[in-house]
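Examining the three-dimensional arrangement
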Amino acid sequence: MTGQKPEGDRKHPVDETLPPLKMFTSGLQHVAAMYAGVVAPPMIVGPACGLSATETAFLMGASLFTAGIATLLQTLGFWKVGAKLPFVNGVSFAGVTPMVAIGKSQSPGHALPVIFGAVIVAGVLGFLLAPYFSKLVRFFPPVVTGTVITLIGVSLLPVAFNWSQGGNPQAPDYGSLTNIGMAALTFVIVLVLRRMLRGFLQQIAILLGLVAGTLLAIPVGITHFSALSQASLVGFPTPFHFGAPQFDIAAIVSMCIVMLVCMTESTADMLALGKIVGRPADERTIEGGLRADTLGTALSPLFNGFANSAFAQNIGLVAMTKVRSRYVVATGGLILIVLGLCPVAASVISLVPLPVLGGAGIVLFGSVAASGIQTLASAAMEKGDNALIVAAAVGIGLIPIAAPDFYHALPKNLLVVLDSGISTGCLVAIVLNLAFNHFGNRDTETAPDTGAPGDPEVAPPPRLATEGGAGEPAAAPAH
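Residues numbered from 1 in each chain as written. Predicted model: local features only at pLDDT ≥ 70, side-chain atom pairs only at ≥ 80, totals over all residues. Heavy atoms only, no water.

1. Notes on the overall build of the chain
- What the chain contains, in helices and strands, is 19 helices and 2 strands.
- Expressed as a percentage of the 479 residues in the chain, the buried residues total 54%.
- Within the chain, contacts between residues separated by at least 24 positions form 83% of all contacts whose residues are at least 6 apart in sequence. (Helix = DSSP H or I, 4+ residues; strand = E, 2+ residues; numbered from the N terminus. Buried < 20%, exposed > 50% of the residue type's maximum accessible area, 1.4 Å probe, protein only. Contact = heavy atoms within 4.5 Å.)

Following this line, the structure appears as structure tokens:
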């Protein structure tokens, strides 16, 4: 068309740089969406390891700092490290339960060094396994990826519901009308802003909604400024602040299992994000992404951080805002590093009350589930056993959400995998897809359309509604 660059000369939206103000505000929006998820694990692990409130705050700053480093590795990358997608990394919740168990089994002075030693070994092991693990991408056709993306969104929704109630079930105001009312008000504000605004302002509707919700929460009394008044201006996560790493076999085995779980979830997240941004994640992309995850994990204990993995909630933000530039997320990574080095700045972000964050989170996480449903629409659900595969995988994946104590009588080592609905649902979908669509004895005329790569009769999946406006052509996949 006249006035447009030829297709081959245009940069893919993932590789575009934006104006500085838009880059900063969009990156800040990513930080606001994932801040609570980054600081929550150290808030749980710190007391379990016998840390004081001051030491736990130090651990939270270290987690922000290492999340920023891991995000830069993922978005910018070097050599064969990094998916180079708008992919946010942070402390993985999968490691919280085993780290708490390790903390309780060790004396207070040794708990964190043992955890850090186990995380280092798990990160190195994952880095070495990345080239082999990435080959599993062939087992993720649309019937599998759609199921997993849907489970990612559905699994995150209880987090938003918990935030909407106040975040702490032991608090007297947990689930109060005030908390739920503020969450509902923020939810409505975000929807109205997304509907009424246009252009750049529409893209930062989540950030604007969080700011508006926080301001409205001040007279209600749920916005607290105590953290801001107590925070120091400058702080640095001193290397090995809690002591040199120690290596315990049982702890190492537990964290290696966690690393495999994180790699499975990250693979699913990369496939989801690749579809949303119009650059499908191939084997090389997944290998680079897993290397970034695991290298970030191996380096984190140096600065008193934990295992890092993909943050699925930010995938919902990319889907909703349509801002696909990886440099926006890299800017978010830089902001995280600054927050880790400047406790006062981190405290400003923490002013957002959890009910406000929960109201916005419902929209964000619901967007991820909606993307999964759109992917399933291309999985030929009317043919063969694909509907059965989805039914079984979603059913198993919802167990930890619908019945959190379902596996309570099983060995604790198994809970690392079973308590993650994303991991269990993903494994069930992969196994059933292999059993029904690959190893079954079917003739070629009635074989179900799995959408597997390399099938010449399978049409490419339709462009997601989150990838652009109506009638906009889909971006060509990167090779």
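2. A few points about helix α16 (residues 386-397)
- End to end, α16 covers 16 Å across 12 residues, agreeing with the expected 16 Å (1.5 Å per residue, within 8%).
- For α16, the complete set of buried residues consists of Asn 386, Ile 389, Val 390, Ala 393 and Gly 397. All buried residues of α16 lie within an arc of 95° about the axis, which places them on one face of the element.
- Looking at the buried residues of α16, the elements they touch are α5 (142-165), α15 (354-376), α17 (399-402) and α19 (421-437). (Expected span 1.5 Å × (residues − 1). Arc of directions from axis to C-beta.)

3. Notes on unusual backbone geometry
- The backbone phi angle of Trp 79 is positive, close to 50°, even though this residue is not glycine.
- With respect to the element layout, Trp 79 can be found in the loop between α2 (53-75) and β1 (89-91).
- Despite not being glycine, Lys 84 shows a phi value in the positive range, around 55°.
- With respect to the helices, strands and loops of the structure, Lys 84 is situated in the loop between α2 and β1.

4. A closer look at α15
- Taking 1.5 Å as the rise per residue, α15 with 23 residues should run 33 Å; its terminal C-alpha atoms sit 32 Å apart, in good agreement.
- The buried count for α15 comes to 17 of 23 residues, which makes it a mostly enclosed element.

5. Observations regarding the nonpolar core
- Leu 112, Ile 115, Ile 152, Ile 206, Met 255 and Phe 306 are the most contacted members of the largest nonpolar core, which totals 103 residues.
- No other element matches the 15 residues that helix α10 (residues 249-277) contributes to this core.
- Excluding residues that lie within four positions of it along the chain, Phe 306 makes contacts with Pro 42, Val 45, Leu 59, Ser 63, Val 91, Met 99, Leu 112, Ile 115, Phe 116, Val 119 and Ser 300.
- Formed by 5 residues, the second largest nonpolar core is a distinct cluster that contains Phe 65, Leu 72, Ala 330 and Ile 337. (Core = buried A, V, L, I, M, F, W, Y, C linked by side-chain atoms within 4.5 Å.)

6. What about the pattern of salt bridges?
- Scanning all chains against the criterion turns up 4 salt bridges.
- A salt bridge links Glu 287 to Arg 291, with the shortest nitrogen-to-oxygen separation between them at 2.6 Å. Highlighted residues: Glu 287 and Arg 291, both in helix α11 (residues 283-299), separated by 4 residues, approximately one helical turn.
- Residue Glu 287 is classed as buried on the basis of its relative accessible area, which comes to 16%.
- Residues participating in the shared-partner salt-bridge network are Asp 15, Arg 279 and Arg 326. (Salt bridge = Lys/Arg side-chain N within 4 Å of Asp/Glu carboxyl O.)

7. With respect to the packing of α5 against α16
- Look at α5 against α16: their axes get within 10 Å of each other, and the N-to-C directions meet at 30°. With respect to their mutual orientation, α5 and α16 come out roughly parallel. The element α5 and its partner α16 pack so that their crossing is right-handed. Where α5 abuts α16, its residues Val 143, Thr 147 and Leu 151 lie against Asn 386, Ile 389, Val 390, Ala 393, Val 394 and Gly 397.
- For the contact of α5 with α16, the per-class residue count stands at 6 nonpolar, 3 polar and no charged. (Axes fitted to C-alpha atoms, helices over the stretch in contact; angles between N-to-C directions. Parallel < 35°, antiparallel > 145°, perpendicular 65-115°, else oblique. Left-handed = near helix turned anticlockwise from the far one by under 90°. Nonpolar A, V, L, I, M, F, W, Y, C, P; charged D, E, K, R; others polar.)

8. Comments concerning the environment of Asn 304
- Mapping Asn 304 onto the fold places it in the loop between α11 and β2 (308-310).
- If sequence neighbours within four positions are ignored, Asn 304 has contacts with Phe 58, Leu 59, Ala 62, Phe 116, Pro 237, Thr 238, Phe 240, His 241 and Phe 242.
- In terms of polar contacts, Asn 304 uses its side chain to reach the backbone amide nitrogen of His 241, at 2.9 Å. (Polar contact = N/O pair within 3.5 Å; in protein donor to acceptor, adjacent residues only side chain to side chain.)

9. Quick word on the packing of helix α6 (residues 177-196) against α15
- Packing of α6 against α15 brings their axes to within 7 Å, and their N-to-C directions diverge by 45°. For the element pair α6 / α15, the angle class is oblique. Every pair of crossing elements has a handedness; the one defined by α6 and α15 is right-handed. Residue-level inspection shows Asn 179, Met 182, Ala 183, Thr 186, Phe 187, Val 190 and Leu 191 of α6 in contact with α15, the latter providing Pro 355, Val 356, Gly 359, Ala 360, Ile 362 and Val 363.

10. What to know about the confidence of the model for the chain
- In this model, the chain carries a mean pLDDT of 78, and residues with pLDDT of at least 70 account for 83%.
- Contacts from residues 443-479, a stretch scored under 50 in pLDDT, to residues over four places away or in other chains number 58 contacts. (pLDDT = per-residue confidence, 0-100.)

11. Things to note about the environment of Pro 169
- Positionally, Pro 169 belongs in the loop between α5 and α6.
- Judged by its relative accessible area of 48%, Pro 169 falls in the partly exposed class.
- Excluding anything up to four places from it in sequence, Pro 169 contacts Asn 162 and Tyr 174.

12. What to know about a nonpolar patch on the surface
- A contiguous nonpolar surface patch, about 360 Å² in accessible area, is contributed by Leu 125, Leu 129, Tyr 132 and Leu 260.
- When residues of the nonpolar patch are assigned to their parent elements, the largest contribution, 3 residues, is made by helix α4 (residues 108-133).
- Tracing the backbone shows Tyr 132 in helix α4. (Patch = residues over 30% accessible without salt bridge, like charges linked within 9 Å, V, L, I, M, F, W, Y side chains within 5 Å. Areas by Shrake-Rupley, 256 points an atom, 1.4 Å probe, with all protein chains shown as cover.)

13. Looking at the environment of Phe 87
- Here Phe 87 shows up in the loop between α2 and β1.
- Separated by 179 residues in the primary sequence, Phe 87 and Ser 266 have C-alpha atoms spaced 9.8 Å apart.
- Sequence-distant contacts of Phe 87, defined by excluding residues within four places in its chain, comprise Thr 71, Gln 74, Thr 75, Ser 266, Asp 269, Met 270, Leu 273, Ala 310, Ile 315 and Val 329.

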